[in-house]
Amino acid sequence: MTKTDAKKILTIGNHKLGDNIASWSLPATQEVCGRECPGCYAIKAQKVYPAVLPSRERKLKLSKQSGFVQILSEAVNKADTQYCRIHDSGEFYSQEYINNWAAIARHNGKGTFYAYTKRL
């Protein structure tokens, strides 16, 4: 996997965060989040920018594939950022998915992984 390939899987930085943070997003939907929050910025982005929802849906599909841990581990490694933000949109939708992210973090011990969540 090349750094360009990694950028197709992860978002690298933005104008607020800089290039030191890679992020992973899922759709902000009832299916993923378990609810729709009033005023949710992620839902607004999905409505305003036509490419956002299809991108997040592709990532949701990837997250359910058997090679997810390996693919994301390689992408995070190639992105070579100091931090990886799990979910600037979306949510941990299952225990298996949480376990997969724990495995990805273990495979990439050089950076810091973080997520904000409303799941217990």
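Here is what the cut-offs are and how they apply
Residues numbered from 1 in each chain as written. Predicted model: local features only at pLDDT ≥ 70, side-chain atom pairs only at ≥ 80, totals over all residues. Heavy atoms only, no water. Helix = DSSP H or I, 4+ residues; strand = E, 2+ residues; numbered from the N terminus. Rg over C-alpha atoms; globule rule 2.2 N^0.38 Å. Buried < 20%, exposed > 50% of the residue type's maximum accessible area, 1.4 Å probe, protein only. Contact = heavy atoms within 4.5 Å. Areas by Shrake-Rupley, 256 points an atom, 1.4 Å probe, with all protein chains shown as cover. Lys, Arg positive; Asp, Glu negative; His and termini not counted. Charge placed at Lys NZ, Arg CZ, Asp CG, Glu CD. Axes fitted to C-alpha atoms, helices over the stretch in contact; angles between N-to-C directions. Nonpolar A, V, L, I, M, F, W, Y, C, P; charged D, E, K, R; others polar. pLDDT = per-residue confidence, 0-100. Core = buried A, V, L, I, M, F, W, Y, C linked by side-chain atoms within 4.5 Å. Phe/Tyr/Trp six-rings, centres within 6.5 Å; stacked < 30°, edge-to-face > 60°. Lys NZ or Arg CZ within 6 Å of the ring centre and 35° of its normal.

Colleague: An account of the overall build of the protein is needed here, citing residue identities and associated values.
Modeller: Scanning the protein from N- to C-terminus turns up 6 helices and 4 strands. Listed by position from the N terminus, the elements making up the protein come as α-β-β-α-α-α-α-β-α-β. Radius of gyration (C-alpha) of the protein: 14 Å, near the 14 Å computed for a compact globule of 120 residues. Principal-axis analysis of the C-alpha atoms gives the protein an extent of 35 × 30 × 20 Å. Each of the 120 residues in the protein was classed as buried or not, and the buried ones make up 41%. Relative to all contacts within the protein whose residues are 6 or more apart in sequence, the contacts with residues 24 or more apart total 74%. Summed over its atoms, the accessible surface of the protein is roughly 7300 Å², and 53% of this surface lies on carbon and sulfur atoms. Here the protein holds 18 positive side-chain charges and 10 negative ones, and the gap between their average locations is 3 Å.

Colleague: How would you explain the packing of helix α3 (residues 41-48) against helix α4 (residues 52-63) if you had to name every residue and give the values?
Modeller: At a minimum axis distance of 7 Å, the contact between α3 and α4 shows a crossing angle of 115 degrees. For the pair formed by α3 and α4, the contact residues are Ala42, Ala45 and Gln46 on the first element and Val52, Leu53 and Arg56 on the second. Residue composition of the contact of α3 with α4, by class: 4 nonpolar, 1 polar and 1 charged.

Colleague: Please give an account of the confidence of the model for the protein that cites residues and values.
Modeller: For the protein, mean pLDDT is 89; residues scoring 70 or higher make up 99% of the total. Within the protein, no element has a lower average pLDDT than strand β1 (residues 11-14), which sits at 83, and none a higher one than helix α6 (residues 95-107), at 95.

Colleague: I'd like a description of the nonpolar core, backed by residues and values.
Modeller: Core analysis: the largest hydrophobic core is formed by 24 residues, its most contacted members being Leu10, Trp24, Phe68, Leu72, Trp101 and Ile104. Of all the elements in the fold, those that place two or more residues in this core are α1 (3-9), β2 (18-24), α4, α5 (68-79), β3 (83-86) and α6. It is α5 that provides the largest number of residues to this core, a total of 6 residues. In this structure tryptophan 101 touches Trp24, Phe68, Leu72, Cys84, Ile86, Phe92 and Phe113, once residues within four positions along its chain are discounted.

Colleague: Break down the packing of aromatic side chains for me, citing the residues and quoting the values.
Modeller: Counted under the stated rule, the structure contains 8 aromatic pairs. Between the aromatic rings of tryptophan 24 and phenylalanine 68, the centroid separation amounts to 5.6 Å while the plane-to-plane angle is 55 degrees, which identifies the pairing as tilted. Note that tryptophan 24 is positioned in strand β2 and phenylalanine 68 in helix α5, a separation of 44 residues in sequence. Members of the aromatic cluster, each reached through a chain of ring pairs, are Trp24, Phe68, Phe92, Tyr93, Tyr97, Trp101 and Phe113. Of note, lysine 64 hangs over the ring of tyrosine 93, and the distance from its end group to the ring centre comes to 5.4 Å.

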